[in-house]
Amino acid sequence: MADKSALYGNATMSAIWQRTLAALKRAERLVLFGYSVPQTDTSILALLATGTSPDTRVTIVDPHPDSIASRLAALRLLDTHAIDPPNGDSPYEWAHSL
């Protein structure tokens, strides 16, 4: 669901989004595991832009992290570390092997 504006009127969903924003503001590190941060997900992009700082360390676990890293750089999240799972494993297979 790219446009989540209809959910903001729901008290429960609004509280969840507010807690998420507060947690992001406190976070020193953010791990994006298998999430591509699509440009169409404007709600998440706005949340990341307002809830993180340039000092937030971001780790991307994805077999194709470069486009994700460039989208995050546009949000000023510059301390981005891409992890490409070895041996062609999917991110999920790789995580389960840890």
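Residues numbered from 1 in each chain as written. Predicted model: local features only at pLDDT ≥ 70, side-chain atom pairs only at ≥ 80, totals over all residues. Heavy atoms only, no water.

A. Geometry of the overall build of the protein. In terms of helices and strands, the protein carries 4 helices and 3 strands. Going from the N terminus to the C terminus, the protein shows its helices and strands as α-β-α-β-α-β-α. Expressed as a percentage of the 98 residues in the protein, the buried residues total 31%. Within the protein, residue pairs in contact and separated by at least 24 positions form 61% of the contacts whose partners lie at least 6 positions apart. As presented, the protein carries roughly 6100 Å² of accessible surface, and 56% of it is formed by carbon and sulfur atoms. (Helix = DSSP H or I, 4+ residues; strand = E, 2+ residues; numbered from the N terminus. Buried < 20%, exposed > 50% of the residue type's maximum accessible area, 1.4 Å probe, protein only. Contact = heavy atoms within 4.5 Å. Areas by Shrake-Rupley, 256 points an atom, 1.4 Å probe, with all protein chains shown as cover.)

B. A look at helix α1 (residues 11-26). The first and last C-alpha atoms of α1 sit 23 Å apart over 16 residues, in line with the 22 Å expected at 1.5 Å per residue. Turning to α1, its buried residues number three or more, namely Trp17, Leu21 and Leu24. Across the axial projection of α1, the buried residues extend over an arc of 65 degrees, all falling on one side. Facing away from the buried surface of α1 by more than 90 degrees, the exposed residues are Ala11, Thr12, Gln18, Arg19 and Arg26. Along its buried surface, α1 packs onto β1 (29-33) and α2 (42-51). Between the side-chain oxygen of the N-cap and the backbone nitrogen of Thr12 there are 2.9 Å, and the N-cap of α1 in question is Asn10. (Expected span 1.5 Å × (residues − 1). Arc of directions from axis to C-beta. Polar contact = N/O pair within 3.5 Å; in protein donor to acceptor, adjacent residues only side chain to side chain.)

C. View of the nonpolar core. Membership of the largest hydrophobic core comes to 15 residues, with the highest contact counts inside it found for Leu32, Val37, Leu48 and Leu72. Of all the secondary-structure elements, those providing two or more residues to this core are α1, β1, α2, β2 (57-61) and α3 (66-74). Among the elements that line this core, the one with the most residues is α2, at 4 residues. The contact partners of Leu32, leaving out residues within four places of it in the chain, are Val37, Val58, Thr59, Ile60, Val61, Ile68 and Leu72. (Core = buried A, V, L, I, M, F, W, Y, C linked by side-chain atoms within 4.5 Å.)

D. The side chain of Thr52, seen in detail. In this fold, Thr52 is placed in the loop between α2 and β2. Here Leu48 takes part through its backbone oxygen, which lies 2.4 Å from a polar atom of the side chain of Thr52.

E. Fine view of the pairing of β2. For β2, the tally of buried residues reaches 4 of 5 residues, placing the bulk of the element in the interior. Both β1 and β2 contribute to a ladder of 5 bridges, which runs parallel. Considered in β2, the bridge of Leu32 is made with Ile60. Traced from β1 through α2 to β2, the parallel crossover comes out right-handed. (Pairing = 2+ DSSP bridges. Right-handed = clockwise from strand over helix to strand, strands pointing away.)

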